[in-house]
Amino acid sequence: MNVVFDFGAVLFGWQPQALVASAFPDRAANPEQAAALAKAMFGHADWLSFDRGTLSMQAVIDQTASRLDLEHATVATLVQNIGEQLAPIEGTLDILTRLSRRRAQGDDSLRLFYLSNMSVPFARALERNHDFLSWFEGGIFSGDVHLVKPEPEIFALLESRYALEPCNTVFIDDVAGNVAAARTRGWQGIHFESPTQLHAQLMPLLCSNG
């Protein structure tokens, strides 16, 4: 079984509302305001282009600060620090650890990959800071290939690059639309809600393919 992990909010914590609430307490004074500001920053086409690798970090900082009338220096500090602050979700890391051990113990049927919408600067920060990424046989960061989920081309690229059979591949993502896109290709999909839920849904699939 090929197990493909998303990174943000699956393997690494991603809390955009907390980020904007900390950086802009006056503009995100309550959960509703924080949600709106987080969506305006990270759900905008500019941020998607940053993830895609077609907009630089400096450009996304400049355009976000101008568009939302936010203090430029604060936006810069927030964005520049994200990659270094991404920390593993312990429960998911525990699952990955178990899968990696199973692989190391000779289960050649189990292969580990990642598929993440992640800008180039953040991707390089993860690679520098987290040795456990070497447990993956390979994967794709969107910024490196100028494609983003849920575009079918990025799923097709992972398939072709690593010779994945769709029917023998399970994809884990916190965004339902991305999971749906994987399923249209014949992959199995798990919509991530928590490490406990992931374990409950993933392990039977691995057993049935063991």
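Each value, and the rule that gives it
- Residues numbered from 1 in each chain as written.
- Predicted model: local features only at pLDDT ≥ 70, side-chain atom pairs only at ≥ 80, totals over all residues.
- Heavy atoms only, no water.
- Axes fitted to C-alpha atoms, helices over the stretch in contact; angles between N-to-C directions.
- Helix = DSSP H or I, 4+ residues; strand = E, 2+ residues; numbered from the N terminus.
- Left-handed = near helix turned anticlockwise from the far one by under 90°.
- Contact = heavy atoms within 4.5 Å.
- Nonpolar A, V, L, I, M, F, W, Y, C, P; charged D, E, K, R; others polar.
- Buried < 20%, exposed > 50% of the residue type's maximum accessible area, 1.4 Å probe, protein only.
- Pairing = 2+ DSSP bridges.
- Right-handed = clockwise from strand over helix to strand, strands pointing away.

Draft legend 1. Examining the packing of helix 5 (residues 72–85) against helix 7 (residues 120–129) more closely. Where helix 5 contacts helix 7, the two axes come as close as 7 Å, and the packing angle between them is 35 degrees. The two elements helix 5 and helix 7 meet at a crossing, and its hand is right-handed. Side by side, helix 5 and helix 7 meet where Val79, Ile82, Gly83 and Glu84 of the first sit next to Phe122, Ala125, Leu126, Arg128 and Asn129 of the second. For the contact of helix 5 with helix 7, the per-class residue count stands at five nonpolar, two polar and two charged.

Draft legend 2. Structural detail: the environment of Asn129. Among the secondary structure elements, Asn129 is positioned in helix 7. The exposure class assigned to Asn129 is partly exposed, which follows from its relative accessible area of 35%. Each C-alpha atom, one on Asn129 and one on Ser194, is 23 Å from the other, the two residues being 65 residues apart in sequence. With residues near it in sequence (within four places) discarded, Asn129 still touches Gly83 and Glu84.

Draft legend 3. Here's a closer look at the pairing of strand 4 (residues 169–173). Strand 4 sits mainly inside the fold: five of its five residues count as buried. Across the two faces of strand 4 the burial is the same, with Thr169, Phe171 and Asp173 and Val170 and Ile172 all buried. The pairing of strand 1 (residues 2–5) with strand 4 spans four bridges and is classified as parallel. Looking at the pairing, Val4 lines up with Phe171 of strand 4. One ladder, built from four bridges, connects strand 4 with strand 5 (residues 188–191); its direction is parallel. Directly across from Ile172, in strand 5, lies its bridge partner Ile190. On the question of chirality, the crossover connecting strand 4 to the parallel strand 5 by way of helix 10 (residues 176–184) is right-handed.

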